[in-house]
Amino acid sequence: MGCIEMSMLGKMLGFGRNEHYDRAIRLFDQGLYEEAIASFDKVDLNGSKDPLTERLAMFYKAEAHANLGNSCMKGGCWERAEEHFRTALQIHPHYADLHFNLALVLRRAMRYEESVAELDCALDINPGFAKAHFHRGLVKYAMEDRPAGIESLKHALDLEPGFGTDAYHLGMEAHGKGYYAGALQAFERVSATEVDDILFHYRLGDDLYRRGMLSEAVAEYRKALEINPNYADIRNHLGIALSASGKQEEALEAFQGAVKASPAYAEAWLNKGVTLRDLGKAERAAEAFRKVLEFDPENLLALKNLAEADRSIAA
């Protein structure tokens with residue numbers, strides 16, 4: 001997705017621990033990603049090891065590279081975009097949006113096999129990622145593996161009805177008649193209006209959240225989910241905004257929806273665990289933190305919170 005989100009505790013836990021980290025976060029929030037990366041690279045230069053701050057720095061460094069990759073892609077700088085996405089994936093290989101965006105770059109370069117491999121990675125992480133299924137269909141069709149292409153396109157439509165435009169149906173009609181070049185052209189023209197509306201509400205929600213307008217952010221996330229409820233990232237962000245609003249039970253419901261939509265979503269499991277902990281449900285919180293560690297064994301926040309939950313259960 002474009003959008004990667006750290007645990008709701010991430011920034012708070014990092015501030016004040018390291019001057020380079022603090023400066024980097026300020027630069028990051030201003031959109032000065034190149035400068036932020038340079039500062040994140042200096043976090044451990046003072047010689048005092050702080051594993052949590054170093055981990056947070058790596059997280060935001062990855063997000064900075066992802067944002068730079070998106071900017072390069074919009075500007076047609078495909079090679080630079082690939083470099084940024086690959087760097088981000090070296091740090092965080094479990095983010096479906098990063099694999100998806102890299103796949104778009106590779107498809108543009110007609111490196112179809114590599115593009116499919118990245119889309120498959122995205123779908124392994126988030127099987128309900130409709131846009132990834134759709135683009136996998138386009139790539140497979142362009143590779144002349146048309147049965148697989150049609151299967152992926154149909155699956156994308158099942159997940160996201162917004163893909164069912166006139167161009168989509170024209171493409172299916174042309175395919176049925178054997179007009180394969182025309183079919184591919186039609187599929188390429190498929191309007192993603194509904195998908196774009198989802199992303200608009202999602203990104204507006206993120207912006208409102210950053211500005212502290214929590215109820216407005218919640219409303220935008222809900223608008224996005226009304227169009228399609230299968231977006232794990234949006235459910236996770238909704239949970240974060242609800243938690244910040246003091247609505248822990250509703251936040252828990254949102255996080256549960258996120259992990260149901262994307263069972264390997266470690267960040268949502270972490271946020272679910274934190275919420276359960278805050279609700280006094282230590283045993284269920286411990287289960288959630290163990291889930292995080294299944295997918296991210298070195299997650300320091302999960303390890304710390306699991307230890308605390310276990311102590312609470314034993315007391």
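First, a word on what this report is: a plain description of the structure on this page.

About the criteria used
Residues numbered from 1 in each chain as written. Predicted model: local features only at pLDDT ≥ 70, side-chain atom pairs only at ≥ 80, totals over all residues. Heavy atoms only, no water. Helix = DSSP H or I, 4+ residues; strand = E, 2+ residues; numbered from the N terminus. Expected span 1.5 Å × (residues − 1). Buried < 20%, exposed > 50% of the residue type's maximum accessible area, 1.4 Å probe, protein only. Contact = heavy atoms within 4.5 Å. Salt bridge = Lys/Arg side-chain N within 4 Å of Asp/Glu carboxyl O. Core = buried A, V, L, I, M, F, W, Y, C linked by side-chain atoms within 4.5 Å. Phe/Tyr/Trp six-rings, centres within 6.5 Å; stacked < 30°, edge-to-face > 60°. Lys NZ or Arg CZ within 6 Å of the ring centre and 35° of its normal.

**Side note on helix α16 (residues 266-278)**
In a regular helix each residue adds 1.5 Å, so 13 residues correspond to 18 Å; α16 covers 18 Å between its end C-alpha atoms and thus fits that length. Counting buried positions along α16 gives eleven out of 13 residues, so the element sits mostly inside the fold. Inspection of α16 places A266, E267, A268, W269, L270, N271, K272, G273, V274, T275 and L276 among the buried residues, and these make up the whole buried set. Against the buried residues of α16 lie α14 (232-244), α15 (248-261), α17 (282-295) and α18 (300-314). Two residues or fewer after α16 comes G280, characterised by a positive phi angle close to 80°.

**Notes on unusual backbone geometry**
For M110, which is not a glycine, the phi torsion comes out positive at approximately 60°. With respect to the helices, strands and loops of the structure, M110 is situated in the loop between α6 (96-108) and α7 (112-125). Here E144, not a glycine, exhibits a phi torsion of approximately 70°, which is positive. By secondary structure assignment, the location of E144 is in the loop between α8 (130-142) and α9 (146-159).

**Things to note about the pattern of salt bridges**
Applying the stated criterion across every chain, the model contains 18 salt bridges. The salt bridge partner of R111 is E114, with a shortest N-O separation of 3.0 Å. Residue R111 is classed as partly exposed on the basis of its relative accessible area of 30%. Overall, E114 belongs to the partly exposed group, its relative accessible area being 35%. With a shortest N-O distance of 3.2 Å, K177 and E173 are connected by a salt bridge. K177 sits in the exposed class, given a relative accessible area of 52%. Here the salt bridges do not stand alone but share partners, grouping E82, R86, R111 and E114 into one network.

**Considerations on the nonpolar core**
Y21, F40, Y60, F85, L98 and L270 are the most contacted members of the largest nonpolar core, which has 51 residues in total. It is helix α4 (residues 51-74) that provides the largest number of residues to this core, a total of eleven residues. For F85, the residues in contact, after removing those within four places along its chain, are A66, G69, N70, M73, L98, N101, L102 and V105. Counting residues in hydrophobic clusters, the runner-up holds 18 residues, among them A217, V218, A241 and A254.

**Digging into the side chain of H201**
Its place among the elements puts H201 in helix α12 (residues 193-210). Excluding its chain neighbours within four sequence positions, the residues that come into contact with H201 are E220, K223, A224 and I227.

**Thoughts on the packing of aromatic side chains**
Overall, the coordinates contain ten aromatic pairs when judged by the stated rule. Arranged with centres 5.4 Å apart and planes meeting at 70°, the rings of F28 and Y60 form a pair that is edge-to-face. With F28 in helix α2 (residues 19-29) and Y60 in helix α4, this pair connects stretches of sequence that are 32 residues apart. Summarising the burial analysis for this pair, F28 and Y60 share the class buried. Between the aromatic rings of Y168 and F187, the centroid separation amounts to 6.1 Å while the plane-to-plane angle is 55°, which identifies the pairing as tilted. Highlighted residues: Y168 in helix α10 (residues 166-176) and F187 in helix α11 (residues 180-188), separated in sequence by 19 residues. We note that Y168, like F187, is buried. Among the aromatic residues, ring-to-ring pairing joins F28, Y33, F59, Y60 and Y95 into one connected group. It is R146 that lies over the ring of Y141; its NZ or CZ is 5.8 Å from the centre. A cation over a ring is seen here: R146 above Y180, with NZ or CZ 3.9 Å from the ring centre.

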